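Inside the fold
Listed below are the residues making up each chain.
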Amino acid sequence: MLILDDPTIQRDVRDRIINDLVNAEYAVSKVLSEIVERFQKIDDPYMKERIADVRDVGRRLMSQLLGTEREVLQNVDHPLVLVSKDLDPSDTMNLPPDMVMGFATDKGGRTSHTAIVARSLGIPAVVGLRDLAEQIQPGQTLIVDGIHAHVIVDPDPEEVLYYSQLRKKYLDTEKTIALNAEESTVTTDGFQIELSANIEFSQEAEQVRRYGGTGVGLFRTEYLKLLSPNENDEETQFQAYKHVLQVLDPDPVIIRTFDLGGDKFPGSLQGEEANPFLGWRAVRIGLDRPEIMRTQLRAILRASVFGKAKLLLPMVTDVGQVREVREHLSAVKASLGERGVSYDDGMEVGIMVETPAASMGIDLMLPEVDFVSIGTNDLTQYTLAVDRGSPYVAKLYDPYHPVVLRQIAHVVRECTKADTWVGICGQMASEPLAVPFLVGLEMDELSVVLPRIPDVKSLVRVISLEQSKTLVDKTLKAGSSGEVLELLREFVKGKYPEVLLD
Ligand code: PEP
Ligand code: MG
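The structure presented is a predicted model; accordingly, all values stated were derived computationally and were not measured. (Residues numbered from 1 in each chain as written. Chains lettered and ligands numbered in written order. Predicted model: local features only at pLDDT ≥ 70, side-chain atom pairs only at ≥ 80, totals over all residues. Heavy atoms only, no water.)

Taken as a whole, the protein is organised into domain 1 (2-66), domain 2 (80-157) and domain 3 (185-501). The straight-line distance from the C-alpha centre of domain 2 to that of domain 3 is 32 Å. (Domains from an automatic or database assignment.)

Right under this line is the structure:
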């Protein structure tokens, strides 16, 4: 619906019909294929997966325009496992979960909407299997292990027994977890931690409450820019921020300014750099292109009266950058004031700690910032000099490296000393293994991927702060990530189902 509602799509289709004198079917198919082309140029795998959504919308629109019927999977009337080359997100959404026991597809990735929808429906799924559909005959028996991403063809009786037990354990755990949605995120000895969500799109706001989260710890706004790179988009941005703030009010929504660059470039800003992750990225672009920064600040400030907005700056390496952003912020506030537009004058300004410059220099940053959020995805890559997207060095990308952990601990302790709010929004917060360590540091917030909220909450509720602090002391003395992982695994044993650790 949101794709169809996009004013650019509607305008482009209308323009083509009027200017090129073509029929609606032709105009729609042209406009949508241009969007698909645009998406294909984006390097980010998550964005690439969105191509399936656009194609899906296109197919449905065409079948409406042409009056052709689509085959519907809702009519499945007996339990089965579905194997196909590909599955549209909308087909997946309509699968009857009581009939489709699992599915496996040749296409798709971990972050594809098909996989996301499967998870929210609770249907076991494995995607991206390349050529399974060709190998399987109707009537064969399959086991679909969505946790470990395995499909077993014609399993033997032992495998069937093992997986029946695993399934029961999983369903029991899910039941317990679901009960926790309304509960607070508190350890057995009363330490309360905020549990919020990382989101990329404004329409995810509704899900945050459903999963039991309290607000947004990271709104990756650059996706707005990637979707409409050439627009003067203040209004689109304003609507997106306003929506999230209104839905979650009074819980805080941390809006990060565009983290463009690295692997996220809208065409018009693409530079020629040998090392884009060390180049023109995030706040550096914003400060060099103040019109982009100020448009975003204006949209955020205008939206700030609809809830509790906090402003987060990505990839800060120098306190001067914070001061410069604050100057832009004051100028934008002044011009809004002159126009009589209201905004939240007290909106907090914080930084992402995702470079060694920010973590080791945190004491230099703190006098200028209201809060801090640790981005372990980049902190790991910049600390270990390992490109987070390169398959060649993937095995060296290790957030459990003792030096990464020491930096996290240092930042949290300095923030605590200065009485500054500190959270973590890197992927690490979503990993059950890391959660006790982060809790033991007594951080203020964990911001995690949406579907992980219930798991993380249920884990926090069975651990104690005292034991977690001891774990932190031991972990910080470990000499290798192997030792670290051993300590963390030992700690969660019996507290979180081992079979669910991926
Ligand atoms: C991070 O670097 O940890 C982070 C949360 O930001 P992103 O993943 O968007 O770079
Ligand atoms: Mg980052």
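Still to come is the rest of the account.
Taken together, 15 residues lie near ligand 1, and Arg 220, Arg 256, Gly 375, Asn 377 and Arg 388 sit nearest. Between an oxygen atom of ligand 1 and a side-chain N or O atom of Arg 256, the distance comes to 2.8 Å. Calculation on ligand 1 without its partners gives an accessible area of 280 Å², and the protein chains cover 99% of this total. For the shell around ligand 1, the secondary-structure elements that each account for two or more residues are strand 7 (216-220) and helix 17 (376-384). Broken down by element, the residue count for the shell around ligand 1 peaks at 3 residues, all from helix 17. Residues that form the shell around ligand 1 fall into these classes: 3 nonpolar, 4 polar and 8 charged. (Near = heavy atom within 4 Å. Polar contact = N/O pair within 3.5 Å; in protein donor to acceptor, adjacent residues only side chain to side chain. Areas by Shrake-Rupley, 256 points an atom, 1.4 Å probe, with all protein chains shown as cover. Helix = DSSP H or I, 4+ residues; strand = E, 2+ residues; numbered from the N terminus. Nonpolar A, V, L, I, M, F, W, Y, C, P; charged D, E, K, R; others polar.)

Bringing the coordination of the magnesium ion (ligand 2) into the picture now. Those donors, Glu 354 (OE) and Asp 378 (OD), are the protein atoms that reach the magnesium ion (ligand 2), and they lie 2.0 to 2.2 Å from it. Separated by 24 residues along the polypeptide, Glu 354 in the loop between strand 10 (348-353) and helix 15 (356-360) and Asp 378 in helix 17 bring together distant segments of the chain. Classification of Asp 378 as buried rests on a relative accessible area of 2%. (Donors = N, O, S within 2.8 Å, 3.2 Å for Na, K, Ca; no water. Buried < 20%, exposed > 50% of the residue type's maximum accessible area, 1.4 Å probe, protein only.)

All right, on to the nonpolar core then. Side chains that are nonpolar tend, in soluble globular proteins, to be buried together. Residues Tyr 241, Ile 351, Val 372, Ile 374, Ile 408, Leu 438 and Leu 446 are the most contacted members of the largest nonpolar core, which totals 109 residues. Here this core gathers at least three residues from each of two domains, domain 1 (2-66) and domain 3 (185-501). If sequence neighbours within four positions are ignored, Tyr 241 has contacts with Phe 219, Thr 221, Leu 224, Ile 255, Phe 258, Gln 296, Ala 299, Ile 300 and Ala 303. Within the second largest apolar cluster, 8 residues are counted, among which are Val 100, Ala 118, Ile 123 and Ala 125. (Core = buried A, V, L, I, M, F, W, Y, C linked by side-chain atoms within 4.5 Å. Contact = heavy atoms within 4.5 Å.)

Attention now goes to the pattern of salt bridges. Proximity of charged atoms lets side chains of opposite charge pair with each other. With the rule as written, the count across this model stands at 25 salt bridges. The closest approach of N and O atoms between Glu 34 and Arg 16, which form a salt bridge, is 2.5 Å. One end of the pair, Glu 34, is in helix 3 (residues 24-40); the other, Arg 16, is in helix 2 (residues 7-20), with 18 residues separating them in the sequence. Several salt bridges converge on common partners, so that one network encompasses Glu 222, Arg 256, Asp 259, Arg 281, Asp 378 and Arg 388. (Salt bridge = Lys/Arg side-chain N within 4 Å of Asp/Glu carboxyl O.)

Bringing the sheet that holds strand 1 (residues 80-84) into the picture now. Spatially, 1-2-3 is the arrangement adopted by the 3 strands of the open sheet, whose pairing is parallel. A single partner strand is all that each edge strand has here, and the edge strands are strand 1 and strand 3 (125-126). Sheet topology places strand 1 next to strand 2 (residues 100-105); 5 bridges connect them, and they run parallel. Paired with Leu 82 across the bridge in strand 2 is Phe 103. (Pairing = 2+ DSSP bridges.)

Another point: empty space enclosed by the protein. Scanning the model with the defined rule gives 2 cavities of 30 Å³ or more in all. By volume, the largest cavity is sized at about 80 Å³. Listing elements by their share of the lining of the largest cavity, those giving two or more residues are helix 12 (283-288) and helix 13 (290-303). Residues belonging to the lining of the largest cavity are distributed by class as follows: 7 nonpolar, 3 polar and no charged. Put simply, the second largest cavity is a space of about 60 Å³. Only strand 6 (194-199), strand 7 and strand 8 (252-256) provide two or more residues apiece to the lining of the second largest cavity. In terms of residue class, the lining of the second largest cavity is built from 4 nonpolar, 3 polar and 3 charged. (1 Å grid on protein atoms, 1.4 Å probe; cavity = no way out; pocket = protein on both sides within 12 Å on 5 of 7 lines; lining within 4 Å. Points joined across faces, edges and corners; volume = space filled by probe spheres on them.)

Another point: the pairing of strand 7. Of all 5 residues in strand 7, 5 are buried; the element is thus mostly enclosed. The pairing of strand 6 with strand 7 spans 3 bridges and is parallel. By the bridge assignment for strand 7, Ala 197 is matched with Val 216. Taking the sense of rotation as the criterion, the β-α-β connection linking strand 6, helix 9 (residues 205-210) and strand 7 turns out right-handed. (Right-handed = clockwise from strand over helix to strand, strands pointing away.)

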